[in-house]
Amino acid sequence: MLPPSAIEAWTYLAVGLVVTALRTYFRVSQVGIRKLQVDDYLVWVAAIFYIAETTAAYSVGAVAHGLANNGISDEARRSLSPDDPEYHLRVIGSKIQLIGWSTYSVLLWALKGSLLCLYLRLVSGLPRSSYNLVYIGFFLIIATFLALLGTIFLECRPFHHNWQINPDPGDACYPASSVRLLIVSLILNVTTDIYLIAIPVSLLWNSTLKLTKRLGLVALFSGSVFVIFCAIFRTVLMIMDPVHGAETAGSWSVRETFVATITTNLPVVFPLFKSWVRPVFNALSSSASLVKNSSGISSIKDLYTFGRSPRNIGRRGVAPTPNPITDITFNESEERMVDGIALQSLERSRESTINRLSDITGKGIRKDVEILVTSEPVTG
């Protein structure tokens, strides 16, 4: 029977793959398979390495019994014969740890790259400074990825010392608990995640969207906060308990990559989830309306869905947009729409969206009328 940690890891993997598949289904239904973009393929690169990472994390306990070339005294190293089963377990465990680090790194950085490719589409039409934010992000992602791989594969020389038992190869050659590798990985991971959060937050926070919508969108694009928490917790576990922390940290690495997979796909797949949930809320709203109207004490204006307010209920009791918090569609003509408002318009001057009509009346009074042109989601 599988241990609880293994059941948890495989369940996370199944959910992550389902969410990735739903993202692809939604994108294909919107733009067709031939018009999928780089980010749509990168999430599947990440999914492949997610399978490999989960397998490696499971093998740490199931195959190597949590052993590696660390957490053993010099005397025990000298007394351990190459023919001893423990010796073999420690060698294979160290190699599994190297595989785990490699798959973990490719998985996370593929997801980071996918987010940047998505941002590049979202800022299309915005000022050059918005593009620069994304281009700097690409440079940061590539540089940190190479730095992390260099630390994993070049820190311990010669390379076979990564699974050497006797003599002691030193901390740099402990793939399961190398403090230097842990710190470097944490710094690079957290730095890139913070930057990935800063890009959409800076664009949305300075926009003219309502505060509730801005907060909703910021939350939607800030899922990396949970990834940062998991990375920090994982690193602390391994540093505090280098002997037994590797197996526990393996479970946390799976949790970290699971959260990263969900939060990366969520901004794209969110409209699909909302389209499934909306009929339920509409039915509940209709039922509540019938109950209240039967008592003669309320009208439809008393019923608000999440994100709506009395101010944006029209004369007929219908909100001007069906998207209460956010709606991101990625079809050919509207792939940069956020809640029915194109991101390109967030930083445009008011002169580009307001037409002033002047009318001189018979009494010589000048009348200025402002017409605010807004975008609404394309339906059908």
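None of these values were measured; they are calculated from a predicted model.

(A) Structural view of the overall build of the chain. Summing up its helical and strand segments, the chain has nine helices and five strands in all. Counting from the amino terminus, the chain carries its helices and strands in the arrangement α-α-α-α-α-α-α-α-α-β-β-β-β-β. Burial analysis of the chain (380 residues in total) assigns 45% to the buried set. Contacts in the chain between residues at least 24 apart in sequence constitute 68% of all its contacts with a sequence separation of at least 6. Of the roughly 19700 Å² of accessible surface on the chain, 65% is carried by carbon and sulfur atoms.

(B) Structural view of the packing of aromatic side chains. Scanning the entire structure with this criterion turns up nine aromatic pairs. When the centroid spacing of 5.8 Å and the interplanar angle of 90 degrees are considered together, the rings of Trp101 and Tyr104 count as edge-to-face. With Trp101 and Tyr104 both in helix 4 (residues 85-122) and three residues apart, this pair spans about one turn of that helix. On the basis of relative accessible area, Tyr104 is assigned to the buried category, the value being 2%.

(C) Layout of the pattern of salt bridges. One pass over the structure, following the stated rule, counts nine salt bridges. A salt bridge links Asp168 to Arg77; the nearest nitrogen and oxygen atoms lie 3.7 Å apart. Here Asp168 is found in the loop between helix 5 (128-154) and helix 6 (179-205), whereas its partner Arg77 is found in helix 3 (residues 74-79), with 91 residues between them in sequence. A relative accessible area of 1% places Arg77 in the buried class. Between Arg90 and Glu86 there is a salt bridge, with its nearest N and O atoms 2.9 Å apart.

(D) Fine view of the nonpolar core. Ranked by internal contacts, the top residues of the largest apolar core, which has 46 residues, are Leu116, Tyr119 and Phe221. Listing elements by their share of this core, those giving two or more residues are helix 1 (4-31), helix 2 (38-62), helix 4, helix 5, helix 6, helix 7 (211-220), helix 8 (224-240) and helix 9 (245-295). By residue number, the principal contributor to this core is helix 4, which donates 13 residues. The contact partners of Tyr119, leaving out residues within four places of it in the chain, are Val134, Leu196, Ile199, Pro200 and Phe221.

(E) Seen up close, unusual backbone geometry. Residue Pro158 follows Arg157 across a cis peptide bond; omega there is -5 degrees. By secondary structure assignment, the location of Pro158 is in the loop between helix 5 and helix 6. Geometrically, the link from Asn166 to Pro167 is a cis peptide bond, its omega value of 0 degrees lying close to zero.

(F) Expanded view of a nonpolar patch on the surface. On the surface, a nonpolar cluster with roughly 300 Å² of combined accessible area is contributed by Val179, Ile183, Ile187 and Ile239. If you trace the backbone, Ile183 turns up in helix 6.

Procedures and definitions
Residues numbered from 1 in each chain as written. Predicted model: local features only at pLDDT ≥ 70, side-chain atom pairs only at ≥ 80, totals over all residues. Heavy atoms only, no water. Helix = DSSP H or I, 4+ residues; strand = E, 2+ residues; numbered from the N terminus. Buried < 20%, exposed > 50% of the residue type's maximum accessible area, 1.4 Å probe, protein only. Contact = heavy atoms within 4.5 Å. Areas by Shrake-Rupley, 256 points an atom, 1.4 Å probe, with all protein chains shown as cover. Phe/Tyr/Trp six-rings, centres within 6.5 Å; stacked < 30°, edge-to-face > 60°. Salt bridge = Lys/Arg side-chain N within 4 Å of Asp/Glu carboxyl O. Core = buried A, V, L, I, M, F, W, Y, C linked by side-chain atoms within 4.5 Å. Patch = residues over 30% accessible without salt bridge, like charges linked within 9 Å, V, L, I, M, F, W, Y side chains within 5 Å.

Remember, this is a structural readout, not a statement about activity or role.
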